[in-house]
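# Coordinate analysis (summary)
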Amino acid sequence: MPHALPVLNDRFRTAESYRASITRYLLLPLRFLSLDSNRYVLTNFAGEYAVLSKETARRFIRHELETASAAYEELKSKHFLIDDDSTVALDLLAVKYRTKQSLLANFTSLFMFVVTLRCDHSCPYCQVSRQSVDRHAYDMKPEDADRAIDFMFRSPSPAIKVEFQGGEPLLNFDLIRHIVERVNGRAESQNRDIQFVIATNLANLTDEILQFCRAHRILISTSLDGPRELHNQNRPRPGDDSYEATVHGIRRVREAVGADRIAALMTTTHASLGQPREIVDEYVRQGFLSIFLRPLSPFGFAVKTGLVAKYTVDQWLDFYRSTLSYVVELNHRGVPFREEYSALILRKMLTPYPTGYVDLQSPAGMGIGGLVFNYDGGIYASDEARMLAETGDRRFRLGDVGTDSFEDVMLSDSLVEVLSTTMTEGAPMCTDCGFQPYCGSDPVYHYATQRDIVGFKPSSGFCRKNMEVMRHLIQLLEDDPQAASVLRTWL
Amino acid sequence: MSQLVFDFDANVFRPAAIKKAAYRFGDQWFIEITAPASDRVRVALTPKSGSAPVNLVEGQFRNEVLDQELRESVAEETERVRNLLLAQAFSGISMTDSVGESGDYCADPLGISQSQSMER
């Protein structure tokens, strides 16, 4: 009879295994960084983390950790080490890693159609360019839309998200209708799962549009920056009634399309920084269950108007921490509400699943995560990439729907070289960073801010923001049981 | 502006650890790394502006080198298993369990099918 099953027979360890001893163990690949002056965060190959005192971590790495210690058990169960007892650890770790990277196999799944550059708003922080309402030369032509659809269906992804962007996309609703009907016609025969999203300010909503959205289960994504005064200050439009139009539109979408068919995004301006509670309260008042805290992007008008320079990354981080703290407080008062950026990072930290958020991917999400079809048929790696082109820099223009095939674009040097050069697995500083499994590469951001696609991380705002958000979340999970009990429900 | 110069024992610290630490200080300091002797590595820091925190920088730099040295030793020890894991994760066949993909489903090398109850 075989001597022992490695798992089933070992219900209790022998007394011997509880005596203080140091057995031979091997380190598995890991990264670490300081959580604070006394502790390190260690992350393993698949992104699981452990927090240890610096002294314990150093003993562990020097192979001096005692087998009977709690730290040893934790590190062993989380695949930071293997010893003679470990039988399946490597297989399991490889599977976990593959699961985390599994979105790569599906390739591009998000396609953004810029159906027009026209817009009725004149937001000073707009990261894209806009044209006045009557300039139809800035509408996408139906024949370019058809070519873009052909291009999109070359992607092998079984699930495709089509997002309509602008300008204000509802100003060219006829083209949206054309694209939706044409895409649906093809999706059925190809057995693809299609989701449509319209990113709109809601000011031009009509009953006809609402009916169409309901019939095609279209999601609406809108912008709500906070209470009336703040929102109208951030998002000027003739009549100064953006807030009224948005709030009224949200109600109409809920009634006509469905309560869960609308989501909102906020953009943080200098004026938002002092109002974390007021902004969250506005979201709760409007019936939303979550908010996505976004700093200004350093592109387009936001740079030209000087808005980006009005606050620092550290000021935004203070705002983020205050808002998160208030959201946790609301949950304890019985109001279920969450912050989405934290939630997606927590999913990376605490679950084995990948997240599709394009800004935190390595290789970068540009092109292989999402693609933009501009109004003129130009194909861009991201929204930010098309903005750079509008300001004269065509570095990330990948092709044109009129002349380039899916294969041309996806195999082009201008895409593949950028992706491989900027992978965080090999980028200076990122390669050693304990948060590498949760973070990503943003070549367009670093090119726009530092003229370098890899980016110099010691002075990168992207790096600073993400490091501190991640550090804060781990501190809450480790040191604040009240907050942790809320954060763990957001997965 | 004054330059800060300090040495590391090359028998204790790898040059790679010192260079990686230096990279992290590159936002506020100009850095020069030299080897004045076979067992010494010398670091010279010159502040890029008046606001660079001169008082603490040597201690911070030395702590950072300690961290980097630890990272280098982890990377060295785990390089082979990292490559194995990557190969395993992205290949269709099992490289860590030779039986896993081709084994006979009737085989029972661990005696799982046999009753455990008599042994307890």
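Bear in mind that the values here come from a model prediction, so they are computed numbers and not experimental data. (Residues numbered from 1 in each chain as written. Chains lettered and ligands numbered in written order. Predicted model: local features only at pLDDT ≥ 70, side-chain atom pairs only at ≥ 80, totals over all residues. Heavy atoms only, no water.)

With that settled, consider unusual backbone geometry. All names here are of chain A. Cis geometry marks the peptide bond from Gly166 to Gly167; its omega dihedral reads 15 degrees. Along the chain, the position of Gly167 falls in the loop between strand 7 (159–165) and helix 6 (173–190). The backbone of Asp240 shows a phi angle near 50 degrees, a positive value even though the residue is not glycine. Summarising the element assignment, Asp240 is placed in the loop between helix 8 (228–234) and helix 9 (242–256). On the basis of relative accessibility, which here comes to 52%, the residue Asp240 falls in the exposed class. (Helix = DSSP H or I, 4+ residues; strand = E, 2+ residues; numbered from the N terminus. Buried < 20%, exposed > 50% of the residue type's maximum accessible area, 1.4 Å probe, protein only.)

Moving on, we get to the pairing of strand 9 (residues 219–223) of chain A. Residues and elements named next belong to chain A. Most of strand 9 is tucked away: four of the five residues are buried. Bridge analysis of strand 8 (residues 193–199) against strand 9 gives three bridges, and the strand direction is parallel. Its bridge partner lying in strand 9, Val197 is registered against Leu219. Taken together, strand 8, helix 7 (residues 207–215) and strand 9 constitute a β-α-β crossover, and its handedness is right-handed. Pairing between strand 9 and strand 10 (residues 262–267): four bridges, direction parallel. Residue Ser223 lies in a different strand from strand 10, and its bridge partner there is Leu265. (Pairing = 2+ DSSP bridges. Right-handed = clockwise from strand over helix to strand, strands pointing away.)

With that settled, the discussion passes to the side chain of A:Thr56. Residues and elements named next belong to chain A. Mapped onto the elements of the fold, Thr56 is located in helix 1 (residues 54–61). By relative accessible area, Thr56 is classed as buried at 17%. A polar contact is formed between the side chain of Thr56 and the side chain of Ser53, at a distance of 2.7 Å. Discounting chain neighbours no more than four positions away, the residues touching Thr56 are Leu65 and Ala71. (Polar contact = N/O pair within 3.5 Å; in protein donor to acceptor, adjacent residues only side chain to side chain. Contact = heavy atoms within 4.5 Å.)

Residues and elements named next belong to chain A. Counting 131 residues, the largest nonpolar core has Phe113, Phe164 and Phe396 as the members making the most contacts within it. Once residues lying within four places of it in the same chain are set aside, the contact partners of Phe396 are Met366, Ile379, Tyr380, Ala381, Ala385, Leu388, Val418, Pro443, Val444, Tyr447 and Ile453. Membership of the second largest hydrophobic core comes to 19 residues, among which are Ala50, Ile61, Phe80 and Leu81. (Core = buried A, V, L, I, M, F, W, Y, C linked by side-chain atoms within 4.5 Å.)

Moving on to the state of the cysteines. In the structure shown here, the tally under the stated rule is zero disulfides over all chains. With no disulfide of its own, A:Cys430 lies 6.3 Å from the sulfur of A:Cys463, the closest cysteine sulfur. (Disulfide = S-S within 2.5 Å.)

For the rest of this paragraph, the subject is helix 6 of chain A. An α-helical segment advances 3.6 residues per turn. Residues three or four places apart therefore align on the same side. All names here are of chain A. An ideal rise of 1.5 Å per residue puts 26 Å on 18 residues; helix 6 measures up with 26 Å between its terminal C-alpha atoms. Among all positions of helix 6, only Phe173, Leu175, Ile176, Ile179, Val180, Val183 and Ala187 are buried. Seen from one end, helix 6 has its buried residues packed into an arc of 140 degrees, which puts them on one side. Turned more than 90 degrees from where helix 6 packs its buried face, Asp174, Gly185, Glu188 and Ser189 sit exposed. Elements in contact with the buried residues of helix 6: strand 6 (110–114), helix 5 (142–152), strand 7, strand 8 and helix 7. One or two residues past the end of helix 6 sits Asn191, with phi positive at roughly 55 degrees. (Expected span 1.5 Å × (residues − 1). Arc of directions from axis to C-beta.)

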